[in-house]
Number of protein chains: 2
Amino acid sequence: MLKLYGITLSGNCYKVRLLLGHLGEPFEWIEVDARAGETKSAAFLAMNPFGRTPVLEIGPGVHLAESGAILCYLAEGTKYLPADRLARARVLQWLFFEQNSHEPYVANARFIVRILNTEQECAERLEELRRSGYAALSVMESRLSRHAYLAEDRYTIADIALYAYTHVAGEGGFDLDGYPAIRAWLRRVEGQDGYVPMVDTKGTD
Amino acid sequence: MLKLYGITLSGNCYKVRLLLGHLGEPFEWIEVDARAGETKSAAFLAMNPFGRTPVLEIGPGVHLAESGAILCYLAEGTKYLPADRLARARVLQWLFFEQNSHEPYVANARFIVRILNTEQECAERLEELRRSGYAALSVMESRLSRHAYLAEDRYTIADIALYAYTHVAGEGGFDLDGYPAIRAWLRRVEGQDGYVPMVDTKGTD
């Protein structure tokens, strides 16, 4: 059975759980305590030299890191990743956008507010993060005001990747009131077969 | 013929030129002036709503953005991107690592020093960028001290993606003296068939 090493409240880890939910694929969830230094332990670094979650254990000693890479691996051959070359590239376009233009801002603002509880001390940094985060949300809003989904006209791992931190953007102080297309899209994602919420970390129990 | 909209000194744009060089694929290079606001013009945003270079024009009105997605698209079916599912995912792992743990630090330090010329004003920010940049370089060094290439035991787009900003890391004040495996790998990349240097922006002229 697949093993997934992750952190319950991490959007990057949730992406993988969400896809596994859609796929109905059983897996074992192993909670990692990053704040206790677990991701920098020798045992963890042997699985993932990048020292971060999520890590998927495919078989004994066979590990894969980086949420975007794991999504592509698991979605291969399913309806969540198109087979057509250009369509695949359009999905990847959104996965890379998420990792370099959305997650660094939307997820980090949430991390400061929700996880570290240092909103007061980090006011200036939060303002910067929110400015860039709203820019990313505007790109999504523009796409979603004309299309039901991000990369294709159907649900793919591009939507899964962007949903993870967007649906909890409010926890980082983002106000989605001005983003009606994003709000409607969040509901469409939540209506997909096999959808699992972020707080359910029980895997297939 | 493919058209590539890019910025000469951008590593993200160079990645695509380097792969096109290996592939011997002709293309037209169109220099974009981001500092004059060109990437935020209506015409440019119609090609790439993310408002950034590189953008590949595959055909009339058919555009692809995000260097990692463009590399995957162009490398499909070639020796630069494996066909095997797990091997592909390992390549993607490094492409995502580059975009979220390497480029934000190594490229931005270089941008401040080489492009903006604001090294003095940004001393504190540069120190932060270099700390994180060296962490990424250490992950590469560890891998390359045991393997000739990053994702596989042969040259792939993972190496192309990481080479782009690593080979000019010195321009951002990074010292690669303590990274002998990286330095040897840089030479191996430069020895690949069809290698083109960053300063050659002439496309196939």
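What to know about the domain arrangement of chain A
Residues and elements named next belong to chain A. By domain assignment, chain A separates into domain 1 (2–75) and domain 2 (85–190). Relative to domain 2, the C-alpha centre of domain 1 lies at a distance of 21 Å. Listed as interface residues are eleven residues of domain 1 and, on the opposing side, ten residues of domain 2. For the side of domain 1 that touches domain 2, the secondary structure elements donating two or more residues are helix 1 (11–23) and helix 3 (67–75). For the side of domain 1 that touches domain 2, the leading source of residues is helix 1, giving six residues. Class assignment for the residues of the side of domain 1 that touches domain 2 results in seven nonpolar, three polar and one charged.

Quick look at the relation of the copies chain B and chain A
When chain B is fitted onto chain A, the two copies agree to an RMSD of 0.0 Å after a turn of 180 degrees and an axial shift of 0.0 Å. The transformation relating the two chain copies, once decomposed into turn and shift, fits a two-fold axis. Among all residues of chain B, the one whose C-alpha sits closest to the rotation axis is Asn-100 of chain B, at a distance of 2.8 Å. Looking at chain B, 100% of its interface residues are interface residues in chain A too, so the copies touch through the same face.

Re the interface of chain B and chain A
Each side of the interface is counted separately: chain B has 24 residues, and chain A has 24 residues. Going through the elements one at a time, strand 4 (62–65), helix 3 (67–75), helix 4 (85–116) and helix 5 (123–144) of chain B are the ones with two or more residues in the side of chain B that touches chain A. With eleven residues, the single largest contributor to the side of chain B that touches chain A is helix 4 of chain B. Looking at the side of chain B that touches chain A residue by residue, the classes come out as 14 nonpolar, six polar and four charged.

Things to note about the nonpolar core
Counting 118 residues, the largest nonpolar core has Leu-71 and Ile-157 of chain A together with Leu-71 and Ile-157 of chain B as its most contacted members. In contact with Ile-157 of chain A, other than residues within four places in its own chain, are Leu-19, Leu-71, Cys-72, Ala-75, Tyr-80, Leu-81 and Val-91 of chain A.

Some points on the sheet that holds strand 1 (residues 2–6) of chain A
All names here are of chain A. With respect to topology, four strands assemble into an open sheet ordered 2-1-3-4, the strand pairing being mixed. The open sheet has two edge strands, strand 2 (27–31) and strand 4 (62–65), and neither has a second partner. Between one strand axis and the next, the sheet turns by 25 degrees as a mean value, whatever way the strands run. Pairing of strand 3 (residues 55–59) with strand 4, which is carried by four bridges, proceeds in the antiparallel orientation. Bridge assignment links Glu-57 to a residue of strand 4, and that residue is His-63.

Describing the environment of Gly-51 of chain B
All names here are of chain B. Along the chain, Gly-51 turns up in the loop between helix 2 (42–47) and strand 3 (55–59). C-alpha separation for the pair Gly-51 and His-102, spaced 51 residues apart in sequence, amounts to 21 Å. Non-local contacts of Gly-51, meaning those with residues more than four positions away in its chain, are made with Thr-39, Lys-40, Phe-44 and Leu-45.

Side note on the packing of helix 4 (residues 85–116) of chain A against helix 5 (residues 123–144) of chain A
Residues and elements named next belong to chain A. Packing of helix 4 against helix 5 brings their axes to within 8 Å, and their N-to-C directions diverge by 135 degrees. Viewed along their axes, helix 4 and helix 5 adopt a mutual orientation that is oblique. Two packed elements cross with a definite hand, and for helix 4 against helix 5 that hand is left-handed. On the side of helix 4, the interface is formed by Ser-101, His-102, Tyr-105, Val-106, Asn-108, Ala-109 and Ile-112, while helix 5 contributes Leu-126, Leu-129, Arg-130, Ser-132, Gly-133 and Ala-136.

Observations concerning helix 3 of chain B
Helical periodicity: at 3.6 residues per turn, an α-helix aligns residues three or four positions apart in one direction. All names here are of chain B. Within helix 3, eight of the nine residues are buried, which leaves the element mostly enclosed by the surrounding structure. For helix 3, every residue scored as buried is listed here: Ser-67, Gly-68, Ala-69, Ile-70, Leu-71, Cys-72, Tyr-73 and Leu-74. The first or second residue beyond helix 3 is Gly-77, which carries a positive phi of 80 degrees.

Analysis parameters
Residues numbered from 1 in each chain as written. Chains lettered and ligands numbered in written order. Predicted model: local features only at pLDDT ≥ 70, side-chain atom pairs only at ≥ 80, totals over all residues. Domains from an automatic or database assignment. Contact = placed C-beta atoms within 7 Å. Helix = DSSP H or I, 4+ residues; strand = E, 2+ residues; numbered from the N terminus. Nonpolar A, V, L, I, M, F, W, Y, C, P; charged D, E, K, R; others polar. Least-squares fit on C-alpha atoms with pLDDT ≥ 70 in both. Core = buried A, V, L, I, M, F, W, Y, C linked by C-beta atoms within 7 Å. Buried ≥ 20, exposed ≤ 12 C-beta atoms within 10 Å, placed from the backbone. Pairing = 2+ DSSP bridges. Axes fitted to C-alpha atoms, helices over the stretch in contact; angles between N-to-C directions. Parallel < 35°, antiparallel > 145°, perpendicular 65-115°, else oblique. Left-handed = near helix turned anticlockwise from the far one by under 90°.

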